[in-house]
Amino acid sequence: MRARTKLQAQGRALLLTHGQPALPRWWRPQGWKALGALLPGWLLARLDCFRPVLLVLDTQIGALTAELEAAASPELPTGLGKLTQVIVTREVCDWHRFKNRRQVSRLPAPAGAALRAKAPPFGYLAPLDSPACAPANIAAAANACPVP
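Residues numbered from 1 in each chain as written. Predicted model: local features only at pLDDT ≥ 70, side-chain atom pairs only at ≥ 80, totals over all residues. Heavy atoms only, no water.

Engineer: Honestly, the overall build of the chain in this entry has me stumped. Any pointers?
Structural biologist: What the chain contains, in helices and strands, is 8 helices and 0 strands. Shown N-terminal to C-terminal, the secondary structure of the chain runs as helices and strands in the order α-α-α-α-α-α-α-α. Per-residue burial for the chain yields a buried fraction of 26% across its 148 residues. Across the chain, contacts joining residues at least 24 apart in sequence account for 38% of those joining residues at least 6 apart. (Helix = DSSP H or I, 4+ residues; strand = E, 2+ residues; numbered from the N terminus. Buried < 20%, exposed > 50% of the residue type's maximum accessible area, 1.4 Å probe, protein only. Contact = heavy atoms within 4.5 Å.)

Engineer: Honestly, the packing of aromatic side chains in this entry has me stumped. Any pointers?
Structural biologist: Given two aromatic rings, one states the distance between the centres and the angle between the planes to describe the pair. One pass over the structure, following the stated rule, counts 2 aromatic pairs. Both rings, one in Trp26 and one in Trp27, keep their centres 6.1 Å apart while their planes meet at 90°; by these two values the pair is edge-to-face. Trp27 shares its class with Trp26; the two are buried. Here Trp26 and Trp32 contribute two aromatic rings whose centre-to-centre distance is 6.4 Å and whose plane-to-plane angle is 40°, an arrangement assigned as tilted. Comparing Trp26 with Trp32, the two get one shared label, buried. The rings of Trp26, Trp27 and Trp32 are connected pair by pair, giving a single aromatic cluster. (Phe/Tyr/Trp six-rings, centres within 6.5 Å; stacked < 30°, edge-to-face > 60°.)

Engineer: So what exactly am I meant to see when it comes to helix α1 (residues 2-17) here?
Structural biologist: Because an α-helix completes one turn every 3.6 residues, residues spaced three or four positions apart along the sequence face the same direction. In this model α1 runs 22 Å from its N-terminal to its C-terminal C-alpha over 16 residues, within 8% of the 22 Å that 1.5 Å per residue would give. Burial in α1 covers these residues: Arg4, Leu7, Gln8, Gly11 and Leu15. One face of α1 carries all of its buried residues, which in axial projection span an arc of 100°. Among the exposed residues of α1, those pointing more than 90 degrees away from its buried face are Arg2, Lys6, Leu16 and Thr17. For α1, the secondary structure elements touched by its buried residues are α2 (29-38), α3 (41-47) and α4 (51-70). Immediately beyond the C-terminal end of α1, within one or two residues, lies Gly19, with a positive phi of roughly 70°. (Expected span 1.5 Å × (residues − 1). Arc of directions from axis to C-beta.)

Engineer: What is the right way to read the pattern of salt bridges from this model?
Structural biologist: For side chains of opposite charge, pairing can occur when their charged atoms come near one another. For the structure on display, the rule yields 2 salt bridges. For Arg4, the salt bridge is made with Asp58, and the minimal N-O distance between the two is 2.5 Å. Separated by 54 residues along the polypeptide, Arg4 in helix α1 and Asp58 in helix α4 bring together distant segments of the chain. For the pair Arg4 and Asp58, a shared accessibility class is recorded, and that class is buried. Asp58 is paired through a salt bridge with Arg28; the nearest N and O atoms lie 2.6 Å apart. With a gap of 30 residues between them, Asp58 in helix α4 and Arg28 in the loop between α1 and α2 connect regions that are remote in the sequence. (Salt bridge = Lys/Arg side-chain N within 4 Å of Asp/Glu carboxyl O.)

Engineer: What is the right way to look at the environment of Arg51 in this model?
Structural biologist: Examined against the element boundaries, Arg51 turns out to sit in helix α4. C-alpha of Arg51 to C-alpha of Leu7: the two residues are 44 residues apart in sequence and 8.7 Å apart in space. What Arg51 contacts, discounting residues up to four positions off in sequence, is Trp27, Arg28, Pro29 and Trp32.

Engineer: Can you walk me through helix α5 (residues 82-92) in this structure?
Structural biologist: Among the residues of α5, those classed as buried are Thr84, Gln85, Val86, Val88 and Val92. One or two steps after α5, the chain reaches Cys93, where phi turns positive at roughly 70°.

Engineer: Looking at this structure, how should I read the nonpolar core?
Structural biologist: A general tendency of soluble globular proteins is for nonpolar side chains to be buried together. Counting residues in hydrophobic clusters, the biggest one holds 14 residues, and the most contacted among them are Leu15, Trp26, Leu35, Leu39, Leu47, Phe50 and Leu54. Secondary-structure elements contributing two or more residues to this core are α1, α2, α3 and α4. Take this core: its biggest share by element is 3 residues, from α3. Excluding its chain neighbours within four sequence positions, the residues that come into contact with Leu39 are Leu15, Gln20, Leu44 and Leu47. (Core = buried A, V, L, I, M, F, W, Y, C linked by side-chain atoms within 4.5 Å.)

Below, the structure written as structure tokens:
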């Protein structure tokens, strides 16, 4: 994901630097077709360096996402999608190691008296000891508490 994001951003930066519109997924066939009608040939040649790698990465990410979603349990908890449920379950490994839900959803207060005074009393979503799980927690919280 990071490699795709990095290459996509480099292509978008090249487009924006030269005053051209930057489509969200410019390397995909539909976006590339639209850019082909708008951009000069020299700029398309520069973007064409990124495109084959982005297409392969996009295919691989899609295949891995589908594989992970297929591993999801049929009964999903409220607010979790298939991919989020699989990521959180694999990060936690064993839910029985937690005595109560606060151990999962709260982080300890930051070190230092000054920082502890500013810590929110209700806690916040923990990354479950892994930065990879933080987006899943944020997505779960957003899905569980939708804004009207």
